[in-house]
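Residue-level structural notes
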Amino acid sequence: MVEQDGNPAEPRDRDDLAGAFGANVRRRREEAGLTLDQLAAQSAVSRAMLSKVERGEKSPTIGVASKIAHALNASLSDLIGGPPPPNSAVAVVMRRSERPIFRDPETGFERHMVSAAPGVAGGEMLVHYLPAHISTGLLPAYPPGTEKQLVVLEGTLTVLLGGITETLNEGDSIFFQADTDHGFANRTTTPCEYIMIISRRT
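Treat the numbers as computed from the prediction; the structure is a model and nothing was measured. (Residues numbered from 1 in each chain as written. Predicted model: local features only at pLDDT ≥ 70, side-chain atom pairs only at ≥ 80, totals over all residues. Heavy atoms only, no water.)

**What to know about the overall build of the protein chain**
In terms of helices and strands, the protein chain carries 5 helices and 10 strands. Counting every position in the protein chain, which comprises 202 residues, the buried fraction comes to 45%. For the protein chain, restricting intrachain contacts to residue pairs at least 6 apart in sequence, the fraction spanning at least 24 positions comes to 64%. Carbon and sulfur atoms make up 50% of the accessible area of the protein chain, which amounts to about 10100 Å² in all. (Helix = DSSP H or I, 4+ residues; strand = E, 2+ residues; numbered from the N terminus. Buried < 20%, exposed > 50% of the residue type's maximum accessible area, 1.4 Å probe, protein only. Contact = heavy atoms within 4.5 Å. Areas by Shrake-Rupley, 256 points an atom, 1.4 Å probe, with all protein chains shown as cover.)

**Remarks on the sheet that holds strand β2 (residues 110–113)**
In space, the 6 strands of this open sheet follow the order β1-β2-β3-β10-β5-β8, with antiparallel pairing throughout. Looking at strand neighbours, the two that pair on one side only are β1 (101–103) and β8 (173–177), the edges of this open sheet. Shown here is a sheet whose adjacent strand axes are inclined to one another by a mean of 20 degrees, direction ignored. (Pairing = 2+ DSSP bridges. Axes fitted to C-alpha atoms, helices over the stretch in contact; angles between N-to-C directions.)

**What about helix α3 (residues 47–54)?**
L50, S51, V53 and E54 are the residues of α3 that are buried. Down the axis of α3, the buried side of the element spans an arc of 160 degrees, and every buried residue falls inside it. Buried-residue contacts for α3 involve α1 (17–31), α2 (36–43) and α4 (62–71). Just downstream of α3, G56 is the residue with a positive phi angle, here 75 degrees. (Arc of directions from axis to C-beta.)

**Quick notes on the confidence of the model for the protein chain**
Per-residue confidence for the protein chain gives a mean pLDDT of 86; residues scoring 70 or more make up 85%. Low pLDDT, under 50, characterises residues 1–15; the predicted model gives this stretch 30 contacts beyond four residues in sequence or across chains. (pLDDT = per-residue confidence, 0-100.)

**Section: the sheet that holds strand β9 (residues 182–186)**
Hydrogen bonds between backbone atoms are what pair the strands of a sheet, whose relative direction is either parallel or antiparallel. The 4 strands are arranged β4-β9-β6-β7 in an open sheet whose pairing can be described as antiparallel. One side of each edge strand has no neighbouring strand; the edge strands of this open sheet are β4 (134–135) and β7 (164–168). Of the pairings in the sheet, the one linking strand β6 (residues 157–161) to β7 comprises 5 bridges and is antiparallel in character. Each residue of the ladder has a partner; that of L161, found in β7, is I164.

**A look at the environment of D78**
Residue position: D78 is located in helix α5 (residues 76–80). For the pair D78 and R28, spaced 50 residues apart in sequence, the C-alpha to C-alpha distance is 9.5 Å. Beyond its immediate sequence surroundings of up to four residues, D78 is in contact with N24 and R28.

**Quick word on the side chain of H182**
Residue position: H182 is located in strand β9. Among the polar contacts made by the side chain of H182, one reaches the side chain of K148 at a distance of 3.0 Å. Each residue touching H182, except ones within four places of it in the same chain, is listed here: G137, L138, L139, P140, Y142, K148, L160, L161 and F176. (Polar contact = N/O pair within 3.5 Å; in protein donor to acceptor, adjacent residues only side chain to side chain.)

As structure tokens, this is what we get:
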């Protein structure tokens, strides 16, 4: 849950997120046979920024990270680095201290992957922390067939979806097709916390 100072409780001392993210971006780019210039053109992220991200010198914002992920035909979780897929049919447990976490260095927005077995059944579950007066900005559209649904655990969340704006209070939920630009904003003086499920139809 979110602490009184507006920051989520720290699950662990984080590894070098920027370094891991950058290494995954470079690996996926090289696997796709793309140059930095080509990825810059496809993602609308400058070559200079991409170069800094790949070298681990710059932690991207959620908007920049999402653009890179979409241009590489990858999920943000793929680039952050999630737990490995399960190798058996038994229950899979992921401890709080093991959560892969993305933190926007400019806004303090946090994206916690809480799926112990991401990708199973074509979906993943996340917990988002959005500080007071912070917005993710518009995020790029996902491929057709991608759906999002979320429930607000704490605070008030504004969902921006095309020309529609929906305000959700604690306990409210929403479902939408994510194949259009969309974003999330906290327009209040208190933090917001919500669970999101992303599913991809195959």
